[in-house]
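Each chain is listed here by its residues.
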Amino acid sequence: MFGRKPAERQARGFRKRGLRGSAKALAGLAGDVRGESVLEVGGGIGAIEIALLEAGAGRATNVELAATYEDTAGALLAERGLSDRVDRRLGDFVAEADAIEPHDVVVMHRVVCCYPDVDALVGAAAERASRRLVLTYPQERAAVRASFSIGNAVMRLRGSTFRAYVHPVRRIEAAAEEHGLTPTERRRHGLLWESLALSR
């Protein structure tokens, strides 16, 4: 799921079509980023931060847990002449958060569903968002919970330790609100994903 081949496939799609779907919508929720700094948590190949840099953001930081994205992400940045404007770091964002300075905009696209401790994740992200936090997570519906449960069962049978989570939306909001952010805009994407913008 997070290997080199999926990373290369994502990069090919981004080169041909740019951002699509919930990723494009999430970048839109970031608002006017001209001259601002962007922190993308779990950014993978870095497509969203690239789009925001090309929209005028001044610099970006990407904190990614999977090293398998690095070669592909580096190639995308080099192609666009953006290598010197992005600081890519490897590690668990929650564990490394104290070493990361605040950024104007913090982005988490389909990351909340991959982390068991939603309070720690969203809280750390909110604390580092000077202006806005934008994130995408699974819709809190019975059908979505059922599909995630089936997916987790399949991964367990295959010997994978990865698990996906459908965290309560109100809990996600509360974790950000504890750090001074207020929900300002929400969008649904099909039957699975929902995006939320919170501002200071």
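Residues numbered from 1 in each chain as written. Predicted model: local features only at pLDDT ≥ 70, side-chain atom pairs only at ≥ 80, totals over all residues. Heavy atoms only, no water.

1. Observations regarding the sheet that holds strand E2 (residues 59-64)
Spelled out, the test is: Strand pairing is assigned whenever DSSP identifies at least 2 bridges connecting the two strands. Under the DSSP-based scheme used, a helix requires at least four consecutive residues in state H or I and a strand at least two consecutive residues in state E, with every element numbered from the N terminus. What counts as an axis is a line fitted to C-alpha atoms, over the stretch in contact for a helix, and the angles between N-to-C directions run from 0 to 180 degrees. Two residues qualify as a contact provided that any one of their heavy atoms is within 4.5 Å of a heavy atom in the partner residue.
Pairing within the open sheet is mixed, and its 7 strands lie in the order E3-E2-E1-E4-E5-E7-E6. Single-partner strands in this sheet number two, and they are strand E3 (86-90) and strand E6 (182-189). If you compare each strand with its neighbour and ignore which way they point, the axes differ by 15° on average. Sitting on the sheet, helix H3 (residues 47-54) touches strand E1 (37-41), E2, E3 and strand E4 (103-108), and the angle it makes with E2 is about 175°. Sheet strands in contact with helix H6 (residues 118-127) are E1, E4 and strand E5 (129-138), and its direction is about 150° off that of E5.

2. Regarding the side chain of Ser22
Just so we agree on the cut-off: The definition of a polar contact used here is a pair of N or O atoms within 3.5 Å, where within protein one atom must be able to donate a hydrogen and the other to accept one, and adjacent residues in sequence count solely through side-chain atom pairs.
Within the secondary structure, Ser22 is located in helix H2 (residues 21-29). Only 2.9 Å separates the side chain of Ser22 from the side chain of Arg110, close enough to count as a polar contact. Discounting residues that sit within four places of it in the chain, Ser22 has contacts with His109, Arg110, Thr136, His189 and Ser195.

3. Looking at the packing of H6 against helix H8 (residues 169-177)
A pair of packed helices can be characterised by two numbers: the angle between their axes and the separation between those axes. Convention followed: Roughly parallel means an angle under 35 degrees; roughly antiparallel means over 145; roughly perpendicular covers 65 to 115; every other angle is labelled oblique. A crossing counts as left-handed when the near helix is turned anticlockwise from the far one by less than a right angle, and as right-handed when that turn is clockwise. Residue polarity is assigned by list, with Asp, Glu, Lys and Arg as charged and Ala, Val, Leu, Ile, Met, Phe, Trp, Tyr, Cys and Pro as nonpolar; anything else, Gly included, falls into the polar class.
Orientation of H6 relative to H8, taken along the N-to-C sense of each, is 40°, at an axis distance of 8 Å. With respect to their mutual orientation, H6 and H8 come out oblique. Crossing of H6 over H8 shows right-handed handedness. On H8, the residues touching Val118, Asp119, Val122, Gly123 and Ala126 of H6 are Arg171, Ile172, Ala175 and Ala176. In terms of residue class, the contact of H6 with H8 is built from 6 nonpolar, 1 polar and 2 charged.

4. A closer look at helix H4 (residues 70-79)
Spelled out, the test is: Relative accessible area decides the class of each residue, using a 1.4 Å probe on protein chains only: under 20% of the type maximum gives buried, over 50% gives exposed, and in between gives partly exposed. Relevant arc is that of directions from the helix axis to the C-beta atoms, nothing else.
Residues of H4 that are buried include every one of Thr72, Ala73, Leu76 and Leu77, and no others. When H4 is viewed along its axis, its buried side chains cluster within an angular range of 135° and face the same direction. Turned more than 90 degrees away from the buried face of H4 sit Asp71 and Ala78, all of them exposed. In the core, the buried residues of H4 are packed alongside helix H1 (4-17), H3 and E3. Directly beyond the C-terminal end of H4, a positive phi value near 65° is found at Gly81.

5. Topic: the pairing of E4
Consecutive side chains of a regular strand alternate in pointing toward one face of the sheet and then the other. Note the cut-off: A clockwise path from the first strand over the helix to the second, with the strands pointing away from the viewer, defines a right-handed crossover.
Along E4, 5 of the 6 residues are buried, which leaves the element largely enclosed by surrounding structure. Sheet analysis places E1 next to E4, joined by 3 bridges and oriented parallel. Across the sheet, the residue bridging to Val38 is Val105, located in E4. Relative to E5, E4 runs parallel, the two being bridged by 5 bridges. Residue Val106 lies in a different strand from E5, and its bridge partner there is Leu133. A crossover connection joins E4 to the parallel E5 through H6; in handedness this β-α-β unit is right-handed.

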